[in-house]
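Spelled out, the chains give:
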Protein chains: 2
Amino acid sequence: MPELRIALAQVNATVGDLAGNAELIVEWTRRGAARGARLVLFPEMALTGYPVEDLALRASFVEASVAAVHDMAERLNVEGLGGVAVVVGYLDRRSDLAPRTGLPAGAPLDAAAVLYGGRVAVTSAKHHLPNYGVFDEYRYFVPGSTLPVVRLEASGGPVDIAVAICEDLWQDGGPVAASRRAGAGLLVVPNASPYERGKDDVRLSLCVRRAREAGAALAYCNMIGGQDELVFDGDSILVSAAGDLLARGPQFEEALIVADLELPAAGDLTGETAVDAGDGTVITIDRVRLPEAAAPHVTAVTGLPEVPEAGEGAGPFWPRLSDPAEVYAALVTGVRDYVRKNGFRSVILALSGGIDSALTATIAADAIGPDNVYVVLMPSRYSSDHSVADAEDLVKRQGIHARTVPIQAVVDAFASSIEDFPASGLPAENLQSRVRGVVLMGLSNAEGHLVLTTGNKSELATGYSTLYGDSAGGFGVIKDVPKTLVWELSRWRNAEADRMGLTPPIPPNSIIKPPSAELAPGQLDTDSLPPYQALDALLDDYVEKDMGSADLIAAGHDPALVERVIRLVDTAEYKRRQYPPGTKITQKNFGRDRRLPITSRWREAAQGS
Amino acid sequence: MPELRIALAQVNATVGDLAGNAELIVEWTRRGAARGARLVLFPEMALTGYPVEDLALRASFVEASVAAVHDMAERLNVEGLGGVAVVVGYLDRRSDLAPRTGLPAGAPLDAAAVLYGGRVAVTSAKHHLPNYGVFDEYRYFVPGSTLPVVRLEASGGPVDIAVAICEDLWQDGGPVAASRRAGAGLLVVPNASPYERGKDDVRLSLCVRRAREAGAALAYCNMIGGQDELVFDGDSILVSAAGDLLARGPQFEEALIVADLELPAAGDLTGETAVDAGDGTVITIDRVRLPEAAAPHVTAVTGLPEVPEAGEGAGPFWPRLSDPAEVYAALVTGVRDYVRKNGFRSVILALSGGIDSALTATIAADAIGPDNVYVVLMPSRYSSDHSVADAEDLVKRQGIHARTVPIQAVVDAFASSIEDFPASGLPAENLQSRVRGVVLMGLSNAEGHLVLTTGNKSELATGYSTLYGDSAGGFGVIKDVPKTLVWELSRWRNAEADRMGLTPPIPPNSIIKPPSAELAPGQLDTDSLPPYQALDALLDDYVEKDMGSADLIAAGHDPALVERVIRLVDTAEYKRRQYPPGTKITQKNFGRDRRLPITSRWREAAQGS
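Residues numbered from 1 in each chain as written. Chains lettered and ligands numbered in written order. Predicted model: local features only at pLDDT ≥ 70, side-chain atom pairs only at ≥ 80, totals over all residues. Heavy atoms only, no water.

Undergrad: Would you mind going over the overall build of chain A with me for this structure?
TA: Looking only at helices and strands, chain A features 20 helices and 21 strands. Taking 609 residues into account, the globule formula puts the C-alpha radius of gyration at 25 Å, and chain A, at 27 Å, falls close to it. In terms of overall dimensions, chain A has C-alpha extents of about 85 × 55 × 45 Å along its principal axes. Here chain A has roughly 20,900 Å² of accessible surface; of this, 52% comes from carbon and sulfur atoms. Each charge class in chain A can be summarised by its mean position, and for the 56 positive and 79 negative side chains these summaries are 2 Å apart. (Helix = DSSP H or I, 4+ residues; strand = E, 2+ residues; numbered from the N terminus. Rg over C-alpha atoms; globule rule 2.2 N^0.38 Å. Areas by Shrake-Rupley, 256 points an atom, 1.4 Å probe, with all protein chains shown as cover. Lys, Arg positive; Asp, Glu negative; His and termini not counted. Charge placed at Lys NZ, Arg CZ, Asp CG, Glu CD.)

Undergrad: Would you mind showing me how to read the sheet that holds strand S2 (residues 39–41) of chain A here?
TA: Adjacent strands of a sheet pair through backbone hydrogen bonds, lying either parallel or antiparallel. Residues and elements named next belong to chain A. One open sheet accounts for six strands, arranged S5-S4-S3-S2-S1-S14; its pairing is mixed. Edge positions in the open sheet fall to strand S5 (119–125) and strand S14 (255–262), since each of these has one partner strand only. Recorded for the sheet is a direction-independent mean angle of 30° between the axes of neighbouring strands. As defined by bridge partners, strand S1 (residues 3–10) adjoins S2 across three bridges and the pair is classed as parallel. Across the sheet, the residue bridging to Leu8 is Leu41, located in S2. The strands that helix H1 (residues 18–34) touches are S1, S2, strand S3 (85–93) and S14; relative to S14, the one it contacts most, it runs at about 45°. Packed onto the sheet, helix H2 (residues 59–78) meets S3, strand S4 (108–116) and S5 and runs at close to 160° relative to S3. (Pairing = 2+ DSSP bridges. Axes fitted to C-alpha atoms, helices over the stretch in contact; angles between N-to-C directions. Contact = heavy atoms within 4.5 Å.)

Undergrad: Which parts of the structure should I look at to understand the sheet that holds strand S13 (residues 245–248) of chain A?
TA: Residues and elements named next belong to chain A. Within the open sheet, the eight strands sit side by side as S13-S12-S9-S8-S7-S6-S16-S15. Their pairing is mixed. Edge positions in the sheet fall to S13 and strand S15 (274–276), since each has one partner strand and no second. Sheet twist, expressed as the mean angle between neighbouring strand axes with direction ignored, is 20°. Across three bridges, strand S12 (residues 237–239) lies against S13 in antiparallel orientation.

Undergrad: Before we go on, may I ask you to explain the pattern of salt bridges in this structure?
TA: Note on pairing: side chains with opposite charge can pair once their charged atoms come close. Residues and elements named next belong to chain B. Per the counting criterion, the structure on display carries 80 salt bridges over all chains. Note that Arg577 is salt-bridged to Glu573, the shortest N-O span being 4.0 Å. Taken together, the positions of Arg577 and Glu573, both in helix H19 (residues 573–577) and four residues apart, correspond to about one turn of that helix. The exposure class of Arg577 is buried, given its relative accessible area of 12%. (Salt bridge = Lys/Arg side-chain N within 4 Å of Asp/Glu carboxyl O. Buried < 20%, exposed > 50% of the residue type's maximum accessible area, 1.4 Å probe, protein only.)

Undergrad: Explain the interface of chain B and chain A here, please?
TA: As a measure of interface size, the accessible area lost when the parts come together is often cited. Each partner contributes to the interface: chain B provides 84 residues, whereas chain A provides 84 residues. Taken together, the two surfaces of chain B and chain A that pack against each other cover about 7,400 Å², and 56% of this comes from carbon and sulfur. On inspection of chain B and its partner chain A, the count reaches six salt bridges. Notably, a salt bridge pairs Asp546 of chain B with Arg58 of chain A, separated by 3.8 Å at the nearest N-O pair. (Buried area = accessible area lost by both parts, 1.4 Å probe.)

Undergrad: In this structure, what is going on with helix H11 (residues 426–447) of chain B? I would like to understand it.
TA: Residue pairs three or four apart in sequence face the same way in an α-helix, which turns once every 3.6 residues. Residue and element names in this part refer to chain B. An ideal rise of 1.5 Å per residue puts 32 Å on 22 residues; H11 measures up with 32 Å between its terminal C-alpha atoms. Burial of H11 is extensive: 18 of the 22 residues sit out of reach of the surface. Just past H11, the residue Gly448 takes up positive phi, approximately 85°. (Expected span 1.5 Å × (residues − 1).)

Undergrad: Mind showing me how you'd approach unusual backbone geometry here?
TA: Most peptide bonds take the trans form, and the phi angle of most residues other than glycine is negative. All names here are of chain A. Of note, the amide linkage connecting Tyr50 to Pro51 takes the cis form, showing an omega dihedral of -5°. Assignment of secondary structure puts Pro51 in the loop between S2 and H2. A positive phi angle, close to 50°, is found at Glu53, a residue other than glycine. Tracing the backbone through its elements, the reader meets Glu53 in the loop between S2 and H2. A positive phi angle is found at Glu518, which is not glycine, with a value near 50°. Taking relative accessible area as the criterion, Glu518 reaches 13% and is therefore assigned buried.

Undergrad: Could you clarify how one ought to interpret the pairing of strand S6 (residues 146–154) of chain A in this entry?
TA: Two faces make up the sheet, and in a regular strand the side chains alternate between them. All names here are of chain A. The element S6 is extensively covered by neighbouring structure, given that seven of its nine residues are classed as buried. Taken together, the six bridges between S6 and strand S16 (residues 282–289) define a ladder with parallel strand orientation. Bridging from a neighbouring strand, Val149 pairs with Arg287 of S16. The turn joining S6 and strand S7 (residues 157–163), which pair antiparallel and follow one another in sequence, is formed by two residues; a positive phi near 100° is taken by Gly156.

Undergrad: I tried to follow the relation of the copies chain B and chain A on my own but got confused; where do I start?
TA: One copy of the chain maps onto the second through a rotation about an axis and a displacement along it. Of the two same-sequence chains, chain B is brought onto chain A (RMSD 0.0 Å, axial shift 0.0 Å) by a rotation of 180°. Expressed as an axis order, the relation between the two copies is that of a two-fold axis. No C-alpha of chain B approaches the rotation axis more nearly than that of Gln578 of chain B, which lies at 2.3 Å. (Least-squares fit on C-alpha atoms with pLDDT ≥ 70 in both.)

Undergrad: What is the right way to look at helix H6 (residues 199–214) of chain A in this model?
TA: Residues and elements named next belong to chain A. For H6, with 16 residues, the first-to-last C-alpha span of 22 Å sits near the 22 Å given by 1.5 Å per residue. Where H6 is concerned, the buried positions are Lys199, Asp200, Arg203, Leu206, Cys207, Val208, Arg210, Ala211 and Ala214. Immediately downstream of H6, the backbone of Gly215 shows phi near 60°, a positive value.

Undergrad: Before we go on, may I ask you to explain the nonpolar core in this structure?
TA: Within soluble globular proteins, side chains that are nonpolar generally end up buried alongside one another. Counting residues in hydrophobic clusters, the biggest one holds 174 residues, and the most contacted among them are Ile363, Val373 and Phe414 of chain A together with Ile363, Val373 and Phe414 of chain B. Val373 of chain B has contacts with Val347, Leu349, Ala364, Ala365, Ile368, Ile400 and His401 of chain B, leaving out every residue within four places of it along the chain. (Core = buried A, V, L, I, M, F, W, Y, C linked by side-chain atoms within 4.5 Å.)

Undergrad: Is there a simple way to explain the pairing of strand S9 (residues 217–222) of chain A in this structure?
TA: Residues and elements named next belong to chain A. In terms of residue burial, S9 counts as a mostly covered element, since six of its six residues are buried. Where burial is concerned, the two faces of S9 agree: the one with Ala217, Ala219 and Cys221 and the one with Leu218, Tyr220 and Asn222 are both buried. Here strand S8 (residues 186–191) pairs with S9 via six bridges, running parallel. Directly across from Val189, in S9, lies its bridge partner Tyr220. Handedness of the crossover is the feature at issue here: the chain leaves S8, passes through H6, returns alongside S9, and the resulting connection is right-handed. With three bridges joining them, S9 and S12 adopt antiparallel strand pairing. Bridge assignment links Tyr220 to a residue of S12, and that residue is Ile237. (Right-handed = clockwise from strand over helix to strand, strands pointing away.)

These results come straight from atomic positions and should not be treated as a statement about function.
This is the structure we're talking about:
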């Protein structure tokens, strides 16, 4: 049986950075070659970054992507890597379609190329376009209708390798079915599959099922890194044709996953060329024989971190993260890349002594280092002594930059400038929060830090925050984290520090004390909101599962709570549209992700039971 | 030849207000019956409002819509209107599809029903789903695959009437082609087609072309009114099978367009039932014979405004609006319905004496009456005397509510609370703008007005505004209006007043003086921005036409200006995500409409020429 050494390069591409991404691809191909790989697989649209959104509709960007993929084939060859088959995702287009209403301008393709021997040996495009959740691909792409099958000389004989792209695995029929008909021994799949809590388990069983369907080994290479609200977790997977797991990459880290595959020898080259894909379409098999090429020129690899050691067992397996470790890593990755990819070097946030800002500061310090984190303590007349003490405790534990800006004088100046401005109640509470927002934005403008907001998902969902106040900033670190999970992650992070013999970064008092916005005397969150345990469970059913009021009550939620929370969530829709982006860890985020009309008169609660 | 009196009811539905919309449909059916119509046609999703966005994925809402359409059929009958065939859009679903990845949850349909004789005679669903521009229908709907053809007894014999929905007209093949094969004499089309500048001309030629293709008279009924950022302009159209225009409704007004149609007598009932729709699909013809019914019970119509008189000519034609009148009407409609549908009664805005806030206040006063418009003059030490005078002049001309809140004391309190806060430059300029934003939000919280923002499209595009400052508010009235058009609309509005012998609402000095943000001594917009004439032309090519830098230069734009403006626009992307919604009048709005990744490293200018 022929044997092929394959490398899955799960890299962190940046949208639009064609030169930087090309550099990354060359560098990791070199690493693959140094490890003896004959085939190096990169993620979906690794050359352009993903998702490119409206850039797909700009001809100049598509042209630049197409030129870059050809340049890269040449460059790999010049660098002595022409004998490595490199599978890389990029942005291409169809040139045979006339413009018409509804056709994405320029007919762009979510494409993949096989680079070999200094040229682009074959290209193809994603057949199944996802248009749900975070995906809007019917806006941007036209579907592909070919399945490339490249014949590569492996040690011991030729093997046939097919290429499918990301969503092609998730839908029945199409490239996976065509791959079986084409008799490919290996199906390689570039992916840009965003992280969701628990999605890693779904992915593995999907890969196993599709490998069996295709009757081929399956290599699944996923991107890592943050891109706006999305974060990609890597977690690349290699399974045999029988569905056995052969290798699995790390989560949230760049890595090269190398493994040897025993593959069936390629058969007759003259098989059928047009196959019924079982999804109502016909897919054309595009067979290409790659010529024998010189062995790759292997040079020392420098400039990128070392590949982690593989674990024990039948193949290279990286250790799996626990549920809280996984969520925490997603949040850290999201902040790190949002800061870096936007050209910032430091962040600033308001530290109140409460748990939300404490966790936000901790994530930020883990993401970009405590020396790049600036916090501002902004006590008002309602701030309690313990709040200031807890905030100061955190600063000491983490060694971040802190300063104090008392806000009472400004609040008083406002109130006395506006005739009849109420001294208490919602307008006065919001005023304090907005003054803090103005201070942070002023310091950001003056010193160049990115402002982080500290609101959690439970608050955002119910509108328990101030527009242009605590919601003002560039990135919402925990905006997709319910309050109960805020506590869980805080405890977990402290326990991890304990376990490693380090100082727990979060003051225990911030974790255990009852939450308060401290905008009025003796105020507690529970004055305005239900207990978080009940609230978070209800929000999950209402937002993530889209249950109506009757179903929520039938599921055991308190009817009065259902009515109250639905009213809060529905009327907060407008506010959420103006929140900053933040790392997405669940199926449905608020804001851009949840698309409800603001001016809707649908009152869910009124229709219930 | 049989003759049929048809009424097109272009009404203003509200998303989610099933009870209110049902009321509207019954009331306008009654009006149609009173005018002798046998067929009354309503817009797409008139029963639910359009667009329902994620409400389509909530089972409770879909169930409520389906129940409401059946209730309405009964109610029309009870009210003596069972003998009128009513064609109405609503939200339905397929119940025969199992859930799978990518299928919109619950398999919703953008449906239409023919109500007659107390029951739902037939239903169908939109075949072509738009997923471009403001449409995301692959997220929400599954396509329909039937063409209903109802046989109605008209005076002089039976006629066959087919139903297609909105996008079905814009795409080749599908229901229009099937309608010809089915031999229908009339094709009725419910629409929810948002206003765009100049779109009315495109629509008319489309209707003419499709009527000829279908070989049938064509009735196009469009919604009116504002819904979040969208505004529907009505402009309903009736053309003969030969393509002659028979009637055309008003723009931006509810109206009943009544006309008599000569239609071919219906032929053989047993024609083909499955036709190749010419778009790769097969459409099933669903033929239904409506029984003879009692003549409608006609009652006096009350409670809604009178139908305007029809114009001269072959049919009822409402007068057409000029280009500025049309844009102005769109903006007024957008504000009026955003305020009303969100449950507000009044608005508040900052009046600077400049043209942007002057036009915004004027549109608001035209939309909801001067007595519901509150303005705040917030002079700082950089405000010129003429600014205050021009603002006061506008208040006097329009009779709106005004107050003055000087901001200098608050600005000083801020600056002295923050150590080393710069006394001039961007942070100091933004501070003034943010203090004004906090004042407006405070007054909104205290008094319940909706805050309107006054930024124009040229400013938003280039980031020439302050986040959480002048961009703070609930609705951006002119956010889709370039500065050159701001001036044009202002001159037009004053000229209209002149023409009618009324006081021009806008102080001429606000129109003619050079624009300034007045955040620094002697500041002018032209210190930071190119002249608006050149800027707006460039923005149109870059944003609306998606041209890259090389193409922009080839089109005659100054290369240095191209590089500068692209840099401004691309780096302002983040800011625009946090702007409030505002009426859309062009193909591409900023913010939610333009979907560029924030963390993109694509630098258009660097690739140019």
